Amino acid sequence: MSTGAADQQSPARVPASDVVEHLIREMTLEEKLAQLAGVWVNASTDGDSVAPLQSQMAGDTRSWDDIIADGLGQITRMYGTVPVEPAEGARRLAAAQEQIMAASRFGIPAQVHEECLAGLAAWKATAFPVPLAWGATFNPPLVREMATLIGTSMRSLGVHQGLAPVLDVVRDLRWGRVEETIGEDPYLVGTVATAYVQGLETTGIVATLKHFVGYSASQAGRNHAPVSIGPRELADVMLPPFEMAIRHGGPRSVMHAYTDVDGVPAAANRALLTGLLREEWGFTGTVVADYFGVAFLDVTHGVAADSGDAAVLALSAGVDVELPTVNCFGEPLLRRIREGALDESVVDDALRRVLRQKAEVGLLSPDFSPVPAVLSEAAYGQIELDPAPNRSLARQLAAQSLVLLSNRVFDGAPALPLSPVGSLGVVGPLADDPFAMLGCYSFDAHVGASHPDVPMGISVPSVAGVASGRFESVATSVTGNCEAATDEQIAEACHVASSVDTCVVVVGDNAGLFGRGTSGEGNDAADLRLPGDQHLMLDRILTACAASGTRAVVVVLSGRPYALGDFVERADAIVQGFFPGEEAGEALWDVLTGVVNPSGKLPVSVPRSPGGQPGTYLHSKLAGPSGVSALDPSPLFGFGHGLSYTTFELTRHQCSAPTMSTSDSVTVSCTVTNTGSRGGAEVVQLYLEDPVGEVVRPVRELIGYSRVELEAGASAVVDFVVHADRTSFTGLDLQRVVTPGLVKLHVSTSSTADAHTHELILHGPRRVAGFEREMLTPVKVRHLA
């Protein structure tokens, strides 16, 4: 890379910060603005979209040569926009980088970003479980391992930035993007997301936290709808995952949310993006726009008169990079600056952060090669983006994410695991559908669905397909699809169910975008009844099973939980999976047959009835059941619930002291014993209750957890170190505070199943606990001999 003719020293001999400052001094305004935007080279402006209002947002219509003449900030999704062979994508990227470097005075390469929410969103890349499934594992180290594999693959392809993870906390289960979240609890979201960030950043990939902030609290669960939450809910529910990830994960980018909070769009919110994120929290990375989010200040929010006004608002607020392509940060912003609407120093501030990040990922290095590592190897041949280690980890994650919701006694024994003898049927709309395993940000659902002539790039065995390989005889019946089934199809499924010893009924979602599915971005639900005709179909199949004495196992593969109250007493077992990825079919049968003992726990509550929403376990006393409302929002299965094929007992409960000061810690301990006949894992959960607060407090909130694996008969001691900061909340003065008084610490196996309660008195002064507070509850597990 050249830094211009005015250089007196080689960049190799000067610090990166000096190179950055030199570039800022030497660049023209046009060259500066070119670094603050991306270009989506393969994006379609007609047909199916993969971003909101994509067809209306064509962006910069100049030729490629004209666009890159002054340089380029980012390349948008070179691998993830259309199906392309990985090797061909790498060659195209190398050629594009060479052209970008040759075209401009300073030869600065573009930063390349891709989606990586369920694995790298590229053709032939591993489709890992979606984030909601990560949450169900309650296993951050395993998520960190997955992110490391994803990041390593991305880095080898010449990618520098990943647009993940999502840190939105679920507030309304009807929202279509529930599948992209990690769950309904900020501590679970924060700890799991932080692990993902750590894994991605370890490989050199820039992790991007999204969507900052409040996106998931949209009115009525509608995508892009306004957010009307107050400052206390924002501070205590929505912000903590971002705080935790920034403090403990080390991400280098944040993406603003699409929505407005109390009338202020995130992309134009200087108090949020600069005052809170940068000045109070000390974040030094880049803020990037969610796709078309800057233009939306004009097009959908109506706080800007045109693209130029939108650009001034966003850049002034703290948005550094316009993605996915140039709508506002090009000519419209240039004109506004020339007219005096914005000082060029604001551009310099954003440019400084952008160039500093480019230096960190090696793009300002004099020995940067535009050729991705996979092409520089002696014999790259076919690039393998779905190798055996990836599939192995995908299967492990899928298995740990599957939640056994119920397991009734059938013929004197639990319905699951299945006996190896007897006839088997697999029916339902998702019985033989590989897309039942994939979330909307898995490439084949996200992009591949718009290219029906292109085969899936990976092997994704269906539930029935795996069953046929494991059992001698399997009767199957595909009952329509997620949204419609005929009477004849339902009758056929009932016939199969009546003729076998065990019937596995597979229901749930197909993921898609903007109405092309039942779950995913833009696919918000009117209520939480199973989509389409599935409620009726499941009712009839279970009736047929009951009449014939068939064991009925219901498997829900979905992007959100659905109301199962009508079926829980009629199904012999129910298993919930949240789009568990390409190896889900194998993992599911491992669990159904007992090869793997289920250990997943619900990251979101399962409702009893379709109405009474929104509602999560994290609610105040008034939001629970009461005698003054006919609606009972109590869940069918609470947050943290999940059964096993073995049994666990929590005993020897201890708290190191009955009191502590408002700046001290206590240790809460218990002994977990596997009292069953086989190995398994229990997730010990610690909840806080603040019975009398200066403001209304949640009935309970998760403040710690530990996944403990034990062989039959084995025991372990679990120690939670609880700092007083973990009791903090946003007080009357809108400061986060620790207050004296009584708190209760519930040692539990779910939000609705307490094993023991410790009462603890905090004494001392009311104390402010800000961004530097203790955000984690350290856990130590000591296995006993």
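In what follows, the structure referred to is the one given above.
Residues numbered from 1 in each chain as written. Predicted model: local features only at pLDDT ≥ 70, side-chain atom pairs only at ≥ 80, totals over all residues. Heavy atoms only, no water.

1. With respect to the packing of aromatic side chains
The geometry of an aromatic ring pair comes down to the distance between the two centres and the angle between the two planes.
So, step 1. With the rule as written, the count across this model stands at 15 aromatic pairs.
So, step 2. By the ring-pair criterion, three or more aromatic residues cluster together here, those being Phe138, Tyr187, Tyr617, Phe639, Tyr687 and Tyr705.
So, step 3. Sitting over the ring of tyrosine 687, arginine 700 keeps its end group 5.6 Å from the ring centre. (Phe/Tyr/Trp six-rings, centres within 6.5 Å; stacked < 30°, edge-to-face > 60°. Lys NZ or Arg CZ within 6 Å of the ring centre and 35° of its normal.)

2. Quick notes on helix 11 (residues 307–317)
So, step 1. Residues of helix 11 that are buried include every one of Gly308, Ala310, Ala311, Val312, Ala314, Leu315 and Ala317, and no others.
So, step 2. In the stretch just after helix 11, glycine 318 is the one whose phi turns positive, near 130°. (Buried < 20%, exposed > 50% of the residue type's maximum accessible area, 1.4 Å probe, protein only. Helix = DSSP H or I, 4+ residues; strand = E, 2+ residues; numbered from the N terminus.)

3. Let's talk about helix 15 (residues 388–401)
So, step 1. Taking 1.5 Å of rise per residue, 14 residues should cover 20 Å, and helix 15 covers 20 Å from first to last C-alpha, within 8% of that figure.
So, step 2. Listing the buried residues of helix 15 in full gives Asn390, Arg391, Leu393, Ala394, Leu397, Ala398, Ala399, Gln400 and Ser401.
So, step 3. On its buried face, helix 15 is in contact with helix 5 (131–137), helix 6 (140–156), strand 10 (403–407), strand 17 (573–578), helix 20 (584–592) and strand 24 (701–710). (Expected span 1.5 Å × (residues − 1). Contact = heavy atoms within 4.5 Å.)

4. Topic: the side chain of serine 669
So, step 1. Among the structural elements, serine 669 can be located in strand 22 (residues 665–674).
So, step 2. In this structure serine 669 comes out as buried when scored by relative accessible area, which is 10%.
So, step 3. There is a polar contact of 2.5 Å between the side chain of serine 669 and the side chain of aspartate 719.
So, step 4. Other than its neighbours up to four places away in sequence, serine 669 contacts Arg652, His653, Gln654, Val718 and Asp719. (Polar contact = N/O pair within 3.5 Å; in protein donor to acceptor, adjacent residues only side chain to side chain.)

5. With respect to the packing of helix 17 (residues 463–470) against helix 20
So, step 1. Relative orientation of the contacting elements helix 17 and helix 20 amounts to 60°, with a least axis distance of 8 Å. Considering the angle they form, helix 17 stands oblique to helix 20. Handedness of the crossing formed by helix 17 with helix 20: right-handed. Across the interface between the two elements, Val463, Val466, Ala467 and Arg470 from helix 17 touch Gly585, Glu586, Leu588, Trp589 and Asp590 from helix 20.
So, step 2. Along the lines of polarity and charge, the residues of the contact of helix 17 with helix 20 split into five nonpolar, one polar and three charged. (Axes fitted to C-alpha atoms, helices over the stretch in contact; angles between N-to-C directions. Parallel < 35°, antiparallel > 145°, perpendicular 65-115°, else oblique. Left-handed = near helix turned anticlockwise from the far one by under 90°. Nonpolar A, V, L, I, M, F, W, Y, C, P; charged D, E, K, R; others polar.)

6. A few points about the environment of histidine 641
So, step 1. Of note, histidine 641 is situated in the loop between strand 19 (635–637) and strand 20 (648–655).
So, step 2. Through-space distance from the C-alpha of histidine 641 to that of alanine 449 is 34 Å; in sequence the pair is 192 residues apart.
So, step 3. Look past the residues within four positions of histidine 641 in its chain and what remains in contact with it is Val403, Leu404, Leu405, Gly600, Lys601, Leu602 and Ser750.

7. Looking at the side chain of aspartate 185
So, step 1. Topologically, aspartate 185 is positioned in the loop between strand 4 (161–162) and helix 7 (186–202).
So, step 2. An unpaired buried charge is present at aspartate 185: no salt bridge exists, and arginine 726, the closest side chain of opposite charge, is 7.4 Å distant.
So, step 3. A distance of 2.5 Å separates polar atoms of two side chains, one belonging to aspartate 185 and the other to tyrosine 617.
So, step 4. When residues no more than four places from it in sequence are discounted, the contact partners of aspartate 185 are Val169, Tyr617, Phe639 and Leu702. (Lys, Arg positive; Asp, Glu negative; His and termini not counted. Salt bridge = Lys/Arg side-chain N within 4 Å of Asp/Glu carboxyl O.)

8. Notes on the sheet that holds strand 23 (residues 680–689)
What holds strands together in a sheet is hydrogen bonding between their backbones, with the strands either parallel or antiparallel.
So, step 1. Strand order in the open sheet formed by five strands is 21-29-28-23-24, and the pairing between neighbours is mixed. Of all strands in the sheet, those with a lone pairing partner are strand 21 (659–661) and strand 24, marking the two edges. Adjacent strand axes in the sheet meet at a mean angle of 25°, parallel and antiparallel pairs treated alike.
So, step 2. Summarising the sheet, strand 23 and strand 28 (residues 741–750) pair through five bridges and their orientation is antiparallel. Bridging across to strand 28, tyrosine 687 finds its partner in histidine 746. (Pairing = 2+ DSSP bridges.)

9. A short note on the state of the cysteines
So, step 1. Inspection of the entire model under this criterion finds zero disulfides.
So, step 2. In this structure cysteine 545 is not part of a disulfide, and its nearest cysteine sulfur, from cysteine 503, lies 4.7 Å away.
So, step 3. Judged by relative accessible area, which is 1%, cysteine 545 ranks as buried. (Disulfide = S-S within 2.5 Å.)

10. Observations regarding unusual backbone geometry
So, step 1. Cis geometry marks the peptide bond from phenylalanine 212 to valine 213; its omega dihedral reads 0°.
So, step 2. Here valine 213 is to be found in the loop between strand 5 (206–212) and helix 8 (231–248).
So, step 3. Between leucine 416 and the following residue, proline 417, the backbone shows a cis peptide bond with an omega angle of 0°.
So, step 4. For aspartate 262, which is not glycine, the phi torsion reads 55° and is therefore positive.
So, step 5. Within the secondary structure layout, aspartate 262 lies in the loop between strand 7 (260–261) and strand 8 (264–265).
So, step 6. Take aspartate 262: its relative accessible area is 66%, and that puts it in the exposed class.
So, step 7. The backbone phi angle of arginine 652 is positive, close to 50°, even though this residue is not glycine.

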